[in-house]
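Geometric and topological summary
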Amino acid sequence: MNKSKSSLTTFLKKNNYFFLTNEPLKYHTTIGVGGKTSAYILPPSKKLLIDVIKYLKESAIKYRILGRGSNVIPDDDINDVIISISDLNKIEYLSSAIVVDAGVSINKLIPELANHGLSGFEFLSGLPGSIGGALYMNAGAFGREIGDFFESACVIDKYGKKITVKKEDIDFGYRFSSFQKEQYIIITATFNLNKDSKTKIEKRSNAIFNQRIDKQPIECKSAGSVFKKPSNDFSVGYAVEKLGLKGIRFGGAEISKKHAGFIINTGNATQKDIKQLVHFLKVHVREHFGVLLETEVELW
Ligand SMILES: Cc1cc2nc3c(=O)[nH]c(=O)nc-3n(C[C@H](O)[C@H](O)[C@H](O)COP(=O)(O)OP(=O)(O)OC[C@H]3O[C@@H](n4cnc5c(N)ncnc54)[C@H](O)[C@@H]3O)c2cc1C
């Protein structure tokens, strides 16, 4: 550990942070891939999140923000400082709006919303991310995107300052939000939902969840769809399937036999295996369909 990283350890100990050193990121990503981090920090409060970000910025230490790790595939030699948001977990109910901490797991939130008779997020059922990660990525499924429900957020800006941003400040696009462009760290977000009966909400959530079970390898380790949809009329999964590439393996990484748009970790996959498979798919799809694929997953 270099000097600035050893003074980080002193800062963390002095301020009672929970942190781990040499923690393998593969334990914190849904695809089960990722090498050791120099420090894996779990701020237990918003204040301590802001303080540690300020410290890292002032010390010019590179860090990354991790939600639930369902869209990232880290390198085996990553060695970065990781700030996990998953201990920020409060949900506040304001009539038909909710104020949600960034670390809240979507899969835990969905049944709670049904209990409160709040509808809108059913399309996210079965998505293994956090609210912060979903908003940052503008997660979408079944024709809806989380940005459709966004009202405002409390964020840390690139100077380490806590600010509030409103709907009109943020642009959303396909797997894009201004949170990415502005390098905002989402602390809390407010969404407007609709009132409905618990039974109807649960019925819709279950239907979506069952569709995922039918079509996606959710029983396997993956990071979801590997590639962005290049256009509305081009399905990557269908194209890869047509090329007969389902089940192809590089090391421990395999093109899912259930959904060819997913790469799964069969046991000991590394980022290198996945990168090779990604390259292989890009080359084949370009050659046969003339389509350039862009990754949706983040290769850290
Ligand atoms: C089985 C499976 C199915 C999936 N299905 C879908 C789907 O239908 N639709 C879809 O859009 N995605 C899907 N995904 C991908 C993934 O679940 C989403 O992108 C999700 O929103 C990522 O959330 P996360 O908390 O896991 O983010 P992470 O993977 O932890 O991080 C993703 C990015 O967000 C950033 N980030 C995380 N939290 C914050 C924060 N608080 N502030 C600022 N930046 C932050 C990270 O730095 C990183 O750049 C699927 C994944 C899996 C494994």
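Residues numbered from 1 in each chain as written. Predicted model: local features only at pLDDT ≥ 70, side-chain atom pairs only at ≥ 80, totals over all residues. Heavy atoms only, no water.

If you check the shell around the ligand, you find 36 residues, and the closest are I65, G67, S70, S130 and G140. Note that an oxygen atom of the ligand is positioned 2.6 Å from one of the side-chain N or O atoms of S70. Between an oxygen atom of the ligand and a side-chain N or O atom of E298, the distance comes to 2.7 Å. Relative to its unbound accessible area of 970 Å², the ligand is 95% covered by the protein chains. Within the residue set of the shell around the ligand, elements represented by two or more residues are β5 (63-66), α4 (131-137), β11 (140-141), β17 (185-192) and β19 (221-225). The biggest single contributor to the shell around the ligand is α4, with five residues. Taken together, the residues that form the shell around the ligand break down as 18 nonpolar, 13 polar and five charged. (Near = heavy atom within 4 Å. Polar contact = N/O pair within 3.5 Å; in protein donor to acceptor, adjacent residues only side chain to side chain. Areas by Shrake-Rupley, 256 points an atom, 1.4 Å probe, with all protein chains shown as cover. Helix = DSSP H or I, 4+ residues; strand = E, 2+ residues; numbered from the N terminus. Nonpolar A, V, L, I, M, F, W, Y, C, P; charged D, E, K, R; others polar.)

What follows is about the sheet that holds β5. Taking strand neighbours across the sheet as the criterion, the four strands line up as β1-β4-β7-β5 in an open arrangement whose pairing is mixed. Edge positions in the sheet fall to β1 (18-20) and β5, since each of these pairs with one other strand and no more. Adjacent strand axes in the sheet meet at a mean angle of 25°, parallel and antiparallel pairs treated alike. Pairing of β5 with strand β7 (residues 81-84), which is carried by four bridges, proceeds in the parallel orientation. Among the inter-strand pairings, I65 is bridged to a residue of β7, identified as I83. (Pairing = 2+ DSSP bridges. Axes fitted to C-alpha atoms, helices over the stretch in contact; angles between N-to-C directions.)

Two side chains bearing opposite charge may form a pair once their charged atoms approach each other closely. For the structure on display, the rule yields 15 salt bridges. For the salt bridge of R64 with D80, the shortest nitrogen-to-oxygen distance reads 2.9 Å. Of this pair, R64 sits in strand β5 while D80 is found in the loop between β6 (72-73) and β7, placing the two residues 16 residues apart along the sequence. The class for R64 is partly exposed, based on a relative accessible area of 21%. Given a relative accessible area of 9%, D80 falls into the buried group. A salt bridge links R249 to E254; the nearest nitrogen and oxygen atoms lie 2.8 Å apart. Under the relative-accessibility criterion, R249 is labelled partly exposed at 48%. Relative accessible area serves as the criterion here: at 5%, E254 is assigned to the buried category. Several salt bridges converge on common partners, so that one network encompasses K62, R64 and D80. (Salt bridge = Lys/Arg side-chain N within 4 Å of Asp/Glu carboxyl O. Buried < 20%, exposed > 50% of the residue type's maximum accessible area, 1.4 Å probe, protein only.)

For helix α6 (residues 198-215), spanning 18 residues, the distance from its first C-alpha to its last is 26 Å, which sits close to the expected 26 Å at 1.5 Å a residue. If you check which residues of α6 are buried, you get I201, S205, I208 and R212. The arc enclosing the buried residues of α6, seen along the axis, measures out at 65°, which places them on a common side. Relative to its buried face, α6 has exposed residues pointing more than 90 degrees away, namely T199, K200, K203 and D214. For α6, the elements touching its buried residues are α3 (106-115), β10 (118-119) and β11. (Expected span 1.5 Å × (residues − 1). Arc of directions from axis to C-beta. Contact = heavy atoms within 4.5 Å.)

Another point: the sheet that holds strand β20 (residues 249-250). Adjacent strands of a sheet pair through backbone hydrogen bonds, lying either parallel or antiparallel. Strand order in the open sheet formed by four strands is β19-β22-β21-β20, with antiparallel pairing between adjacent strands. The open sheet has two edge strands, β19 and β20, and neither has a second partner. Direction of pairing for strand β21 (residues 253-255) relative to strand β22 (residues 262-265): antiparallel, over a ladder of three bridges. Looking across to β22, one finds that A253 is bridged to N265. Contacts from helix α8 (residues 271-289) reach β20, β21 and β22, with the element oriented near 30° to β21.

In this structure, N22 is a non-glycine residue whose phi angle is positive, near 55°. Inspection of the secondary structure puts N22 in the loop between β1 and β2 (23-24).

Counting 55 residues, the largest nonpolar core has L8, I41, F121, F179 and F191 as its most contacted members. Counting contributing residues per domain, this core is built from domain 1 (3-84) and domain 2 (91-200), each supplying no fewer than three. Not counting chain neighbours up to four residues away, the residues in contact with I41 comprise L8, L12, Y17, F18, F19, V52, V81, I82, I83 and S84. Among the nonpolar cores identified, the runner-up in size contains 24 residues, and L245, A253, I274 and L293 belong to it. (Core = buried A, V, L, I, M, F, W, Y, C linked by side-chain atoms within 4.5 Å. Domains from an automatic or database assignment.)

Here we come to the packing of α3 against α6. Running from N to C, α3 and α6 cross one another at 155°; their axes reach a closest spacing of 8 Å. If you check the angle between α3 and α6, you find them roughly antiparallel. Each of I110, L113, A114 and N115 in α3 lies in contact with α6, whose residues at this interface are K198, I201, E202 and S205. Counted by class, the contact of α3 with α6 contains four nonpolar, two polar and two charged residues. (Parallel < 35°, antiparallel > 145°, perpendicular 65-115°, else oblique.)

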